[in-house]
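What follows is the residue order along each chain.
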Amino acid sequence: MIIDIHGHYTTAPKALETWRNQQIAGIKDPSAKPKASDLNISDDEIRETIEANQLAKMRERGSDLTIFSPRASFMAHHIGDFEVSSTWAAICNELCFRVAQLFPDHFIPAAMLPQSPGVDPATCIPELVKCVEQYGNVALNLNPDPSGGHWTSPPLTDRAWYPIYEKMVEYDIPAMIHVSTSCNACFHTTGAHYINADTTAVMQLIQGDLFKDFPTLKFVIPHGGGAAPYHWGRYRGLAQELKKPLLKDHLLKNIYFDTCVYHQPGIDLLTRVIPVENILFASEMIGAVRGVDPETGFNYDDTKRYIEASTQLTAAQKQQIYEGNARRVYSRLDAALKKKGK
């Protein structure tokens, strides 16, 4: 199998965005506030948005299954309060669950959390429990910066995050460290804020000792790990100065990097620097970078082509990246596949 561990419902029916705009308007004018029941999206509308987009590209590019979560830039945890985020997260998570129900052989859901700036992360636990126990979610997206580019939350190693980590360990589900929209003009959302967050998460984890408290906790650092693999020597050196263990012991038993790197030299560097067992196939298709690369004639986010073209990976290593590592890291995914005889 070829498992894409990083997919978002970026093509959701227009009604979702319309409802969200009404919800945002309702923050200032309560009379305009919509009810969750006001949003009506049919199964046929979902089928149409998936079949013409993600599923069509999966078939064209040769991937089999996508771990599917709400659109990252739409999480927008900085908007409104916890009640706003809670309602919005519930709606988006239910939609991804419905996608998985309609296309069970091709999609399995991952949850967004109802995070809100300055609000105790423990408030996210009921939504997390619902998504795992009722929707069969195999992962979650954790935003280290709900403020949207102003970084008002404590680092990921802070005890404030521990209630979420405890649930992750209990359920044995990984978290993808994924920020949302930047409302800071200094940081372009996908070109700077996303990559900044990936890099920042790696450094926070180097500085702390989180995995001593949670030895089985698992994080996926998306977008190829941000700048971390490119500057791996810097981080090895900084860990040494901080009197931390070697990174292979300090981090690499608990963190993983995806292949959302949109050119061949980037994938070649990632697979040369980071051990193969820590790399998971992903594309984030129809996501941040949707265009065609004029140098190759193929979409930037057709990441399978880069893995296939690698001259440094063996066939066994490629299959490890495509499937083996995902089944090991996402134990609930592996269990769901085995239940289907896959």
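Residues numbered from 1 in each chain as written. Predicted model: local features only at pLDDT ≥ 70, side-chain atom pairs only at ≥ 80, totals over all residues. Heavy atoms only, no water.

Draft legend 1. Structural context of the packing of helix α14 (residues 315–329) against helix α15 (residues 331–339). Two numbers describe how α14 lies on α15: the axes approach to 5 Å, and their chain directions differ by 110°. As the angle between them shows, α14 and α15 are arranged roughly perpendicular. Two secondary-structure elements touch here, α14 through A326, R327, R328 and V329 and α15 through S331, L333, D334, L337 and K338. Looking at side-chain class alone, the contact of α14 with α15 contains four nonpolar, one polar and four charged residues. (Axes fitted to C-alpha atoms, helices over the stretch in contact; angles between N-to-C directions. Helix = DSSP H or I, 4+ residues; strand = E, 2+ residues; numbered from the N terminus. Parallel < 35°, antiparallel > 145°, perpendicular 65-115°, else oblique. Contact = heavy atoms within 4.5 Å. Nonpolar A, V, L, I, M, F, W, Y, C, P; charged D, E, K, R; others polar.)

Draft legend 2. Spotlight on the environment of Y300. Here Y300 is to be found in the loop between β9 (279–280) and α13 (304–309). Spatially, the C-alpha atoms of Y300 and Q264 are 9.8 Å apart, while their sequence positions differ by 36 residues. Sequence-distant contacts of Y300, defined by excluding residues within four places in its chain, comprise Y262, V289, G291, V292, D293, P294 and Y306.

Draft legend 3. Representation of the packing of helix α8 (residues 189–207) against helix α10 (residues 232–241) within the structure. Running from N to C, α8 and α10 cross one another at 25°; their axes reach a closest spacing of 10 Å. Of the possible angle classes, the one that applies to α8 and α10 is roughly parallel. Our pair here, α8 against α10, has a crossing hand that is right-handed. Contacts from T199, M203 and I206 in α8 reach Y235, L238 and A239 in α10. (Left-handed = near helix turned anticlockwise from the far one by under 90°.)

Draft legend 4. Looking closely at the sheet that holds strand β3 (residues 107–109). Read from one edge of the open sheet, three strands run β1-β2-β3, paired in parallel fashion. Of all strands in the sheet, those bounded by a partner on one side alone are β1 (3–9) and β3. Ignoring strand direction, the axes of neighbouring strands in this sheet form an average angle of 35°. The pairing of strand β2 (residues 65–70) with β3 spans three bridges and is classified as parallel. (Pairing = 2+ DSSP bridges.)

Draft legend 5. Looking closely at the packing of aromatic side chains. Evaluated as defined, the whole model comprises 13 aromatic pairs. When the centroid spacing of 6.3 Å and the interplanar angle of 5° are considered together, the rings of W19 and W88 count as stacked. Residue W19 is found in helix α1 (residues 14–28), and its partner W88 is found in helix α5 (residues 82–102); the two are separated by 69 residues along the sequence. For the pair W19 and W88, a shared accessibility class is recorded, and that class is buried. Ring centres of F281 and Y322 lie 5.4 Å apart, and the angle between their planes is 75°; on these two criteria the pair is classed as edge-to-face. Residue F281 is located in the loop between β9 and α13, and its partner Y322 is located in helix α14; the two are separated by 41 residues in the primary sequence. Each member of the pair F281 and Y322 is classed as buried. Ring pairs connect the aromatic residues Y162, Y165, F211, F214 and F219, which therefore count as one cluster. (Phe/Tyr/Trp six-rings, centres within 6.5 Å; stacked < 30°, edge-to-face > 60°. Buried < 20%, exposed > 50% of the residue type's maximum accessible area, 1.4 Å probe, protein only.)

Draft legend 6. Fine view of helix α2 (residues 43–51). Three or more residues of α2 are buried, namely I46, T49 and I50. The arc that holds every buried residue of α2, seen down its axis, measures 95°, which confines them to one face. Set apart from the buried face of α2 by more than 90 degrees, the exposed residues are D44 and E48. (Arc of directions from axis to C-beta.)

All we've got here are geometric facts, nothing functional implied.
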